[in-house]
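Descriptive analysis of the structure
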Amino acid sequence: MRTIPRALLIGGLLVLLVLLVLASLSAGKVWIPWSDWFGAADDMRSMIIFDLRLPRTVLGIIVGVGLGISGAAMQGYTRNPLADPGILGVSSMAAFGAVATLYLGAASSMPWLLPAGAMIGAVGGIAMLLVLSGATSSVLTFILAGMILNTVATAGVSLALNLAPTPWAVNEIIHWLLGSLADRSVDEVRMALPFVLIGSALVLTLARPLDALTLGETGARSLGIDLTRTRWILAFGVGLAVGASVAVTGMIGFVGLVTPHLLRPFVSARPGALLVPSALAGAVIVLAGDVIVRILPSTVELKLSVAMAAVGAPFFLALLINLRRKAA
Amino acid sequence: MSQLIATHLGVSFGEKTVLDGLSVSFDAAQVTAVVGPNGAGKSTLLMALAGLRAPDRGHVSVDGADIYSLPARDRAQRMGFPAQTPEIAWGVDVRTLVGLGRTPRIGSRGLTAADDEIVTQALAATDVTAFADRNVLTLSGGERGRALIARALAGEPKWLLADEPLTGLDPGFQLDIASLFRGMTARGCGVIVTLHDLHMALRMADRVLVLGEGRVLADGAPQEALSPETLMRAYGVEARTWPGAAGPVIEIVGRRG
Ligand SMILES: Nc1ncnc2c1ncn2[C@@H]1O[C@H](COP(=O)(O)OP(=O)(O)O)[C@@H](O)[C@H]1O
Ligand SMILES: [Mg+2]
């Protein structure tokens, strides 16, 4: 099989990530080559790099790690190569929480309220997920519970749009929903980092159970895996990582779905071995997308989520063509 | 010696009673074949014995401990269970699949050289070494079946509960797997297999359990348990036993009536 040594895979992804960090600090409306970063007499330039681009870059890495690792975990858990971290409904609940603060108009006076609302939505979502799916260990009930959350959250967001007092509020909600890394500061980094770290650490403990689930639920249980415990850890891990990501950037699709999918052949399909590479590759993809968005010559900066959606369609087309060729 | 005891097992699906107060005990170091018509409850019994499906009524105990009270990992170390129709979600290679069998032994650490050695032995024991690097999803049914037995062996279980392990194997491999099971009993492992091939049951088992209508219809040495009367009752077929070159042979003469 087309597997490559793990050290090479992780090393390669790390090199890519470092290159993209350099690019991300240099690129934008003003190009600042790295030779000018330090000791530049120009205060303006160092401000751009350290106050604007550095937090944006760090945030991109955090969010990419959270989405990548969550996607890998969800695909492994559901044994569905096209599952997305969003299917648990926690990200839409986070979005609903954020939109609620926008709707109430509270976020403009107290900017911290929006991410706080999103985190409350996410944690509430996790709790509802666990209550709804009950004490059973079945994957299907878990996914169904996620679908219920997704539906409720989507209805809530639509309701907020419907009842929004002013067109301006509608505009603000829609703008926020389109995920982006633009104009983020150290505050967002501080907000998201602990949750994404804890969430990712929780998910990382699931490598063995996810591997064992290769043999289905009965197979995993026959290997001594406690599926109920697995589900709790997964709900908290993915919920925190994805919820915090949504809280600071809005909805960014595609990353969580595509990252593990692309890497699977390189780890001989083992779901547990996919977690760390997916975390790194998630960061790579988010940063790459964000650099591209910034250097595109348009007057209004394209939202990151829009750019991701734009590459999404051709990606799935390529996948489909590939599958059809194999089937033929 | 290890003992596996089921007491008054009852399992129902809705109105349908599949196991009806079944009691049976197994000694290690024996191959027990469980036979019976389709839907007799063989797979259900095996799942209950393996600690994977709590019966609606009754208990299962292994070495005096209730199997449904044991910690999952402890239970998994004792009971090897290659499922009858396993789903395999990802196209992992055979060695990785067999390596999964070590899961209850290693907890969250990775496979060590010693584990790899055990995996290699399991691959060799079921004769799947030649395609150890192949994607499991590209294997034939029989090859995959052997890989799954290797997976169970890799966990070094005290009990091996195999649901139709010979289905899909050619006659040569059927004999190989039969002697593999025999070898395991020599090391003190208890082997319980469900079979459809009565001839193989006669040939490989120390004891045969005939299930029907949720109860034990016969239980004992193979030739006694598989008597023409029992076969008539269990399957509704008329059968005769002949002496063959390698032991007795069961000939199915025809359907009742
Ligand atoms: N999950 C289930 N729901 C409903 N009926 C079931 C279920 N599992 C098994 N059964 C029924 O229980 C009976 C025994 O099944 P099983 O133990 O698989 O039989 P065997 O392995 O002897 O062929 C069958 O009639 C089957 O249809
Ligand atoms: Mg069966």
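Everything numeric here is computed off the predicted structure, so don't read it as measured data. (Residues numbered from 1 in each chain as written. Chains lettered and ligands numbered in written order. Predicted model: local features only at pLDDT ≥ 70, side-chain atom pairs only at ≥ 80, totals over all residues. Heavy atoms only, no water.)

Before going further, it helps to spend a moment on the sheet that holds strand 4 (residues 57-62) of chain B. Residues and elements named next belong to chain B. Strand order in the open sheet made by the four strands is 2-1-4-5, with antiparallel pairing throughout. Since the sheet does not close on itself, it has two edges, and those belong to strand 2 (16-27) and strand 5 (65-66), each with one partner. Note: strand 1 (residues 3-13) against strand 4, five bridges, orientation antiparallel. Within strand 4, the residue paired with Gly 10 across the bridge is Arg 57. Helix 1 (residues 42-50) rests against strand 1, strand 2 and strand 4 of the sheet, and its axis sits at about 125° to strand 1. (Pairing = 2+ DSSP bridges. Helix = DSSP H or I, 4+ residues; strand = E, 2+ residues; numbered from the N terminus. Contact = heavy atoms within 4.5 Å. Axes fitted to C-alpha atoms, helices over the stretch in contact; angles between N-to-C directions.)

A separate point is the site of ligand 1. Residues and elements named next belong to chain B. In the vicinity of ligand 1, the residues found are Phe 13, Lys 16, Val 18, Pro 37, Asn 38, Gly 39, Ala 40, Gly 41, Lys 42, Ser 43 and Thr 44. At 3.2 Å from an oxygen atom of ligand 1 is found a main-chain nitrogen or oxygen belonging to Ala 40. Take Gly 41: an N or O atom from its main chain is 2.9 Å from an oxygen atom of ligand 1. Burial of ligand 1 by the protein amounts to 58% of the accessible area it has alone, namely 560 Å². Elements represented by at least two residues in the shell around ligand 1 include exactly strand 2 and helix 1. Per-element accounting of the shell around ligand 1 gives the leading share, three residues, to helix 1. When the residues that make up the shell around ligand 1 are grouped by side-chain class, the tally is four nonpolar, five polar and two charged. (Near = heavy atom within 4 Å. Polar contact = N/O pair within 3.5 Å; in protein donor to acceptor, adjacent residues only side chain to side chain. Areas by Shrake-Rupley, 256 points an atom, 1.4 Å probe, with all protein chains shown as cover. Nonpolar A, V, L, I, M, F, W, Y, C, P; charged D, E, K, R; others polar.)

Residue and element names in this part refer to chain A. Relative to the assigned elements, Ser 305 resides in helix 13 (residues 304-327). The exposure class of Ser 305 is buried, given its relative accessible area of 11%. Ser 305 sits 47 residues away from Val 258 along the chain, and the two C-alpha atoms are 14 Å apart. Aside from chain neighbours lying at most four places away, what touches Ser 305 is Leu 178, Gly 179, Met 251 and Ile 252. (Buried < 20%, exposed > 50% of the residue type's maximum accessible area, 1.4 Å probe, protein only.)

Tallying the contact residues gives 32 residues for chain B and 25 residues for chain A. The largest share of the area that chain B buries against chain A comes from B:Glu87, B:Trp90 and B:Leu100, three residues that together contribute 33% of it. Of the charged contacts, one joins A:Arg79 and B:Glu87 as a salt bridge, the two residues approaching to 2.9 Å between their closest N and O atoms. Listed by contribution, the elements that provide at least two residues to the side of chain B that touches chain A are helix 2 (72-78), helix 3 (94-100), helix 4 (103-106) and helix 6 (141-154) of chain B. (Buried area = accessible area lost by both parts, 1.4 Å probe. Salt bridge = Lys/Arg side-chain N within 4 Å of Asp/Glu carboxyl O.)

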